[in-house]
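Breakdown of the fold
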Amino acid sequence: MQVDLVIQARWIIPVEPAGQIFEHSSLVVHDGRIIDLLPAADAAAKYKPRQLEILERHALIPGLVNCHTHAAMSLLRGIADDLQLMDWLQNHIWPAEQKWVGEAFVRDGVELAIAEMLRCGTTCFNDMYFFPEIAAQQAVQHGIRANIGLIVFDFPTVWAENADAYLAKGLALHEKLRHESLLSLSFAPHAPYTVSDAPLRSLLTYADEMNLTVHMHLHETAHEVEEQRQKTGQTPLQRLRQLGLLTPAFIGVHMTQLAAADIAAYAETGAHIVHCPESNLKLASGFCPVAACLAAGINVALGTDGAASNNDLDMVSEMRTAALLAKAVAGDAGAVSAATALRMATLNGAKALGLDAEIGSLTVGKQADVAAIDLSELETQPLFNPLAQIVYAADRRQVSDVWVAGRQLLKKRQLTTMNLAALNERVAVWQQRLSVW
């Protein structure tokens, strides 16, 4: 049988079924989807591929799902380090955005972010930022999968003047993009302290009608929770639950401030959490109790946050940090195993976005979103367990090849859809501008 692509690898880690590692096997891809996973010898006898990739030292994993990004903020990497969240945001980031953010900023920043993400094995990102139409264009142009956030604030920014305008622009963009095969969309109200009840009710109505998810920063800091409690007598979680937002279509990002009762109540709603451990550590925002959340049945995914507060978009590193931090927070070395961390970075992210029927595992019938990691490097020797080695020892520079829907976007560490020299020139111009303002 003739097929488009066969990838033969030393190991294949499909994530589903849990705990499986296939050795000396092949992944068979046709029309952008996985049609078989079988021993390499059997694949050679059964299939005639137009393209054959033999990766004798590599592990194949599902493409990583970065479930919370502000992609264009890659141009703000390192501009305001070592500050508390509200100081960082109000006195540095928001003023810089007000002066510089526009279509060109977002276009170049998102392209830089996509380049970085592909080179660490990320095949899908969930974005929240201004000019989402530009982020969508860049994702389509470069072939990466993206969930585009239709951002909402109460106050004017460079993209819209009030909540009604954000919603109107978001609805128009949804109509324009709804047939793009690599794109999905969410409503993305920024945070409880920047969006009031009326627009939240409106976007919830639209989200229900259009079957969209809602993606929002929530319980990120103790200050956020206490300020809301003093103003309203409720925590942000209590307020959002009262408004009806906490459903299986809701994605709460950060969630570092959770009591046991909060975890139990949130689990009842079926809503998801995106854990951003490195950003939370850098901003001293707190610790999401990941092990307790998983034990309660909450789907917990992983995200990097923006490069302005991380300062990278490296999901390989994020897996390791998430696993190690969860053990320390829980006081249990068995909390968040390597397999759980990989699942959080792949299938759990896909589930949060409502995409788990299509991506998140190397399962027959799903889209062929795949990353290959070279485990022959000195730093990953000796090798007893390839899955554990990926989470606890590997580096993003060991990601050698990446496919999205069967299209190769990274080949032997080289991006196939980008001119990196031209991109670096544009980034240097932004560095100069942002250095002197």
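Below, the structure is looked at part by part.

Cut-offs applied
Residues numbered from 1 in each chain as written. Predicted model: local features only at pLDDT ≥ 70, side-chain atom pairs only at ≥ 80, totals over all residues. Heavy atoms only, no water. Axes fitted to C-alpha atoms, helices over the stretch in contact; angles between N-to-C directions. Helix = DSSP H or I, 4+ residues; strand = E, 2+ residues; numbered from the N terminus. Parallel < 35°, antiparallel > 145°, perpendicular 65-115°, else oblique. Left-handed = near helix turned anticlockwise from the far one by under 90°. Contact = heavy atoms within 4.5 Å. Nonpolar A, V, L, I, M, F, W, Y, C, P; charged D, E, K, R; others polar. Buried < 20%, exposed > 50% of the residue type's maximum accessible area, 1.4 Å probe, protein only. Pairing = 2+ DSSP bridges. Phe/Tyr/Trp six-rings, centres within 6.5 Å; stacked < 30°, edge-to-face > 60°. Lys NZ or Arg CZ within 6 Å of the ring centre and 35° of its normal.

The next thing to look at is the packing of helix α3 (residues 103–118) against helix α4 (residues 132–142). Geometrically, a packed helix pair is captured by the angle between its two axes and the distance between the axes. It is the contact of α3 with α4, at a shortest axis distance of 9 Å, that shows an interaxial angle of 40 degrees. In terms of their interaxial angle, α3 and α4 are classed as oblique. Seen along the crossing, α3 lies across α4 with a hand that is right-handed. Between α3, through Glu103, Val106, Arg107, Val110, Glu111 and Ile114, and α4, the contact on the second element is made entirely by Glu133, Ile134, Ala135, Gln137, Gln138, Ala139 and His142. Split into classes, the residues belonging to the contact of α3 with α4 amount to 6 nonpolar, 3 polar and 4 charged.

Once that is clear, we can look at the environment of Glu111. Its location among the elements puts Glu111 in helix α3. On the basis of relative accessible area, Glu111 is assigned to the buried category, the value being 8%. Taking the C-alpha atoms as reference, Glu111 lies 29 Å from Tyr392; in sequence the two are 281 residues apart. Ignoring any residue separated from it by four or fewer positions in sequence, one finds Glu111 in contact with Gln138, His142, Met418, Leu423 and Arg426.

In this section: the sheet that holds strand β16 (residues 414–415). Taken in spatial order, the 8 strands line up as β3-β2-β1-β4-β13-β14-β15-β16 in an open sheet, and their pairing is mixed. Where the open sheet ends on each side, the last strands, each with one partner, are β3 (33–39) and β16. One ladder, built from 3 bridges, connects strand β14 (residues 399–404) with strand β15 (residues 407–411); its direction is antiparallel. Counterpart to Val404 in the pairing with β15 is Arg407.

Glancing now at the packing of aromatic side chains. The tally for this structure, following the rule as stated, stands at 9 aromatic pairs. Ring centres 5.8 Å apart and planes at 65 degrees place the aromatic pair Trp94 and Phe155 in the edge-to-face group. Taken together, the residues Trp94 in helix α2 (residues 85–100) and Phe155 in the loop between β7 (145–152) and α5 (163–177) connect sequence positions 61 residues apart. The exposure class of Trp94 is partly exposed, given its relative accessible area of 24%. Among the residues examined, Phe155 registers a relative accessible area of 29% and is labelled partly exposed. Ring centres of Phe187 and Tyr206 lie 6.4 Å apart, and the angle between their planes is 25 degrees; on these two criteria the pair is classed as stacked. With Phe187 in strand β8 (residues 183–189) and Tyr206 in helix α6 (residues 197–210), the pair connects residues that are 19 residues apart, well separated along the chain. You can call Phe187 buried: its relative accessible area is 1%. In textbook terms, an aromatic cluster arises when at least three aromatic residues are bridged by ring pairs, as seen for Trp94, Tyr129, Phe130, Phe153, Phe155, Trp159 and Tyr166. The ring of Trp100 has Lys99 sitting right over it, with the charged end atom 5.2 Å from the ring centre. Of note, Arg433 hangs over the ring of Trp430, and the distance from its end group to the ring centre comes to 4.5 Å.

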